[in-house]
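Chain by chain, the residues run as shown.
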Amino acid sequence: MKVVYTKNELKQEIQKVKKSEKTIGFVPTMGYLHQGHLSLVEIAKKETDYVVVSIFVNPKQFNSQEDLEKYPRDLQRDLELLKKENIDLVFAPSETEIYSEEPKLMMDIPELTNKLCGKFRPNHFQGVLLIVNKLFHLVKPDKAYFGKKDYQQYLIIKRMVEDLNMDISIVGCPLVREENGLAMSSRNVRLSDKEKEDALLIYRSLQIAKQEFLKGEKNSEVLREIIKDIIETGKNNKVEYVEIVDPETLESQKVAKSKNMIAVAVYTGNVRLIDNIEL
Ligand code: AMP
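The following refers to the structure shown. Bear in mind that the values here come from a model prediction, so they are computed numbers and not experimental data.

## A word on the site of the ligand
Neighbouring the ligand are 17 residues, the closest being Met 30, His 37, Asp 150, Val 176 and Met 184. In this structure, an oxygen atom belonging to the ligand sits 2.6 Å away from a side-chain N or O atom of Asp 150. One nitrogen or oxygen atom from the main chain of Val 176 is found 2.8 Å from a nitrogen atom belonging to the ligand. Of all the secondary-structure elements, those providing two or more residues to the shell around the ligand are strand E2 (24-29), helix H2 (35-47) and strand E5 (143-147). Top element by residues in the shell around the ligand is H2. It accounts for three residues. Its residues placed into classes, the shell around the ligand shows nine nonpolar, six polar and two charged.

So this is what it looks like as structure tokens:
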């Protein structure tokens, strides 16, 4: 496994791979890797010949300075985990390497970015679009892998690639949970034991709402209230949003239908967590 830190080193490696006609699979991450990230790597390894993982905490997608400062980082640990996965290349650039100049380009897909998390995190998805686009130009992947834990992000990236005729297939990968049901996230290490317990209510509430839906409750407002009430029995929990949406357009649905998605964002203490479930 080779590790590079600069765009030039990365370009040289990618040029070599392109000459060899191997297909490139790419997994962009912000590091502090867990089994959720590694599941993407494993799918990429099965589907492509040469796997690149990037590790970069992208300041442009944080809308809270505190969240950026507290975002967990441990490059050595990440590299050890990736070595075991036997991947080919890690790109771990510094902030100045990526943003040597302040970018002037503004990317947006308002119909998708102004919903769910986008309502509460101004400029977050614009920052994601910019970094993913930059990384795609550097890595030139054939396939790129995104987790459906960040479902809205996955949809936005898929749309960007379609709108720009980029020759990259975007692969959506299943959400990976802890055994207790908590959606894996790098931010989970910031939870205290008590907060972790409260965070378990998030997935539990989604499962209960799904059961109610399957038993016949189709009123979104009722299902949303069920979820909010369960989550907020945890005294560290504050629901930011609960929405039942069409999985293609992210439009809110008054009447819940099969294949709709319930998406939630919750503050457990100071940590913002997201989760979703398909009906
Ligand atoms: P992040 O490091 O949080 O930016 O995540 C990098 C990639 O890993 C994104 O495509 C995420 O959707 C994906 N990912 C993070 N957590 C999970 C999870 N629990 N299950 C599946 N994919 C995940």
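Still more to cover.
## Section: the sheet that holds strand E9 (residues 271-278)
Ordered by their spatial adjacency, three strands build an open sheet running E7-E8-E9, and the pairing between neighbours is antiparallel. Both outer strands of the open sheet, strand E7 (237-245) and E9, are each paired with one neighbouring strand and no more. Averaged over all pairs of adjacent strands, the angle between strand axes in this sheet comes to 15 degrees, irrespective of strand direction. Strand direction decides the pairing type here: strand E8 (residues 261-268) and E9, joined by eight bridges, are antiparallel. By the bridge assignment for E9, Thr 268 is matched with Val 271. Together, E7, E8 and E9 form the strand contacts of helix H10 (residues 193-215), whose direction differs from that of E9 by roughly 20 degrees.

## Structural notes on the side chain of Gln 61
Here Gln 61 shows up in the loop between strand E3 (50-55) and helix H3 (65-70). Residue class for Gln 61 comes out buried when judged on its relative accessible area of 8%.

## So, the pattern of salt bridges
In the structure shown here, the tally under the stated rule is 22 salt bridges. Measuring nitrogen to oxygen at the nearest pair gives 3.2 Å for the salt bridge that ties Glu 13 to Lys 16. On the criterion of helical spacing, the pair formed by Glu 13 and Lys 16 is a turn pair, its members being three residues apart in helix H1 (residues 7-19). What makes Glu 13 buried here is its relative accessible area of 10%. Shared partners join several salt bridges into a network, and the residues in it are Asp 67, Arg 121, Arg 187 and Arg 190.

## Let's talk about the nonpolar core
The biggest cluster of nonpolar side chains holds 47 residues, and the ones touching the most others in it are Leu 10, Val 52, Val 132, Phe 136, Phe 146, Met 160 and Ile 170. With 10 residues, the single largest contributor to this core is helix H8 (residues 124-139). A domain split of this core shows at least three residues from each of domain 1 (2-173) and domain 2 (186-278). Counting 23 residues, the second largest nonpolar core, distinct from the first, contains Leu 182, Leu 191, Val 242 and Ile 244.

Each value, and the rule that gives it
- Residues numbered from 1 in each chain as written.
- Predicted model: local features only at pLDDT ≥ 70, side-chain atom pairs only at ≥ 80, totals over all residues.
- Heavy atoms only, no water.
- Near = heavy atom within 4 Å.
- Polar contact = N/O pair within 3.5 Å; in protein donor to acceptor, adjacent residues only side chain to side chain.
- Helix = DSSP H or I, 4+ residues; strand = E, 2+ residues; numbered from the N terminus.
- Nonpolar A, V, L, I, M, F, W, Y, C, P; charged D, E, K, R; others polar.
- Pairing = 2+ DSSP bridges.
- Axes fitted to C-alpha atoms, helices over the stretch in contact; angles between N-to-C directions.
- Contact = heavy atoms within 4.5 Å.
- Buried < 20%, exposed > 50% of the residue type's maximum accessible area, 1.4 Å probe, protein only.
- Salt bridge = Lys/Arg side-chain N within 4 Å of Asp/Glu carboxyl O.
- Core = buried A, V, L, I, M, F, W, Y, C linked by side-chain atoms within 4.5 Å.
- Domains from an automatic or database assignment.

Geometric values such as these leave the question of function open.
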